[in-house]
Amino acid sequence: MTTTPHPDRESYDAVIVGARVAGAATALLLARQGRRVLALDRAAFGSDTPSTHALMKGGVLQLHRWGLLGAVRGAGTPPLRLTKVHYDDSVIEIPMEPEDGVDALYAPRRTVLDPLLATAAREAGAEIRFETSVTGLARAGDGRVVGVGYRTRDGRHVEARAPITIGADGVRSLVARAVAAPVTHAGTGASAVAYAYFEAGRDDGLLWFFRQGAGAGIIPTNGGALAYVALPAGRFATDLRPDAEAGFWRALRRDAPEAAEALAPRARISRFHVHAGTAGFHRRSGGPGWALVGDAAHYKDPISAHGLTDALRDAELLARAIGRGLDEPDGMPAALAAYEAERDRLSRPMFDIVDRVAAYDWTAAEVRDLLIGQSRTMAEEVEMLRALDATATRAA
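**Observations regarding the nonpolar core**
If you look at the biggest cluster of nonpolar residues, it comprises 110 residues, and the most contacted ones within it are Leu63 and Phe210. When residues in this core are grouped by element, the largest group, 10 residues, is from helix H9 (residues 307–327). What Leu63 contacts, discounting residues up to four positions off in sequence, is Leu55, Leu68, Leu69, Val72, Leu113, Leu117 and Leu312. Ala192, Leu207, Ala225 and Phe272 belong to the second largest nonpolar core, which has 25 residues in total.

**Overview of helix H4 (residues 110–124)**
Spanning 15 residues, H4 covers 21 Å between terminal C-alpha atoms, matching the ideal 21 Å at 1.5 Å per step. When we look at burial in H4, the residues that qualify are Arg110, Val112, Leu113, Asp114, Pro115, Leu116, Leu117, Ala118, Ala120 and Ala121. Contacts made by the buried residues of H4 are with helix H1 (21–32), helix H2 (57–65), helix H3 (69–74), strand E6 (127–129) and H9. Just beyond H4, the residue with positive phi is Gly125, at close to 115 degrees.

**Observations regarding the confidence of the model for the protein chain**
In this model, the protein chain carries a mean pLDDT of 94, and residues with pLDDT of at least 70 account for 96%. This model gives residues 1–6 a pLDDT under 50, and the stretch forms 18 contacts once residues within four places in sequence are excluded. When the criterion is pLDDT under 50, residues 390–396 qualifies, and its contacts beyond four places in sequence or with other chains add up to 16 contacts.

**Some thoughts on the side chain of His185**
Relative to the assigned elements, His185 resides in strand E11 (residues 183–186). You can call His185 buried: its relative accessible area is 18%. At a separation of 3.2 Å, a polar atom in the side chain of His185 contacts the side chain of Arg348. Discounting residues that sit within four places of it in the chain, His185 has contacts with Gly280, Phe281, His282, Arg348, Phe351 and Asp352.

**A word on the sheet that holds strand E2 (residues 14–17)**
Here we have six strands laid out as an open sheet, ordered E6-E3-E2-E10-E19-E18, and mixed in their pairing. The strands lining the two open edges of the sheet, one partner per strand, are E6 and strand E18 (286–287). Pairing geometry for strand E3 (residues 37–40) and E6, over three bridges, is parallel. The residue of E6 that forms the bridge with Leu40 is Arg129.

**Focus: the pattern of salt bridges**
Charged atoms that come close allow side chains of opposite charge to pair. As enumerated under the stated definition, the model contains 33 salt bridges in all. The closest approach of N and O atoms between Arg386 and Glu99, which form a salt bridge, is 3.0 Å. Taken together, the residues span a long stretch of sequence, with Arg386 in helix H11 (residues 364–387) and Glu99 in the loop between strand E5 (91–95) and H4 at a distance of 287 residues. Residue Glu383 is joined to Arg386 by a salt bridge in which the shortest nitrogen-to-oxygen separation is 2.1 Å. Highlighted residues: Glu383 and Arg386, both in helix H11, separated by three residues, approximately one helical turn. In this structure Glu383 comes out as partly exposed when scored by relative accessible area, which is 46%. Among the residues examined, Arg386 registers a relative accessible area of 31% and is labelled partly exposed.

Thresholds applied
- Residues numbered from 1 in each chain as written.
- Predicted model: local features only at pLDDT ≥ 70, side-chain atom pairs only at ≥ 80, totals over all residues.
- Heavy atoms only, no water.
- Core = buried A, V, L, I, M, F, W, Y, C linked by side-chain atoms within 4.5 Å.
- Buried < 20%, exposed > 50% of the residue type's maximum accessible area, 1.4 Å probe, protein only.
- Helix = DSSP H or I, 4+ residues; strand = E, 2+ residues; numbered from the N terminus.
- Contact = heavy atoms within 4.5 Å.
- Expected span 1.5 Å × (residues − 1).
- pLDDT = per-residue confidence, 0-100.
- Polar contact = N/O pair within 3.5 Å; in protein donor to acceptor, adjacent residues only side chain to side chain.
- Pairing = 2+ DSSP bridges.
- Salt bridge = Lys/Arg side-chain N within 4 Å of Asp/Glu carboxyl O.

Here's what the structure looks like:
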């Protein structure tokens, strides 16, 4: 989609479509480099959005490195120092070992995490505009992306130009569609999910449940706990769509009776939400004048609980690549290609494991091995993040 020039034109080093976790984090890091950044989002500031909320160690480490973990704690996000994984025949307890300034995991509500990142980006100098709809991409005569057109809240049409336009606008990314970004790796498994929020219970940390044909979890967050059940996507219409609440409790009692027992005394504090399931993918994530980050670039099934951690990791990888490309414009294509290669190196092994989990055709022994493999990939991710020089990304 191409926009025609408008009398109102703005100039930036980078324009970002989407200002939630991936977009706001990318804006923050680019602004800390001293770049002029504009991020646009059609949602309202601080609005909620579906999420597992869970940050794995890599994600918590990123917030610590950027000087933002204290604000997450200050918002009342409960520290999670123990993870319990329930299988058919056993329970494995994984205590959180303090390391790198991180002594707990956290699962902030998106009404906490998203505005926190957007506010930090603004404080670093980025312009963040909510309730602002992007109408399309602006292109040069040779087809190169040179920015976006957007509509202000008062109805004006504005064109914002930049050497790089970043799509951080989710699975159904407008930017990805407009540039016809191809899928480079596709999954086949997908989870149908039903979830709701309940009053907080005793401090058990993160609770995961895996039994043949299903998964479940209880994730303490701000003001309560998110509880979900996950089934093969093919069972959505029969098990969850007719009556989400009945389907949730039926699946929970069958596949995670310990979770059902833990939730029974608690009051539900939200309606039930359902998701029919979306297969994971990797997209080409850079081209002439454009790049993708977050779910726009790479989406894992939510059974991984790793989407937010992916977004924070990849925001830094992309911001560093764009910084190199802005300093040496002829090197931008190589910098974006290196970003995509590093993202794939870090994410593909876990992606393939998660896709296998999301098939729900494993035995308890098989899923235990898969989750051990996932833990190994997360440890490798943390090692990579430890090695990054934080001086360019930490607030002065």
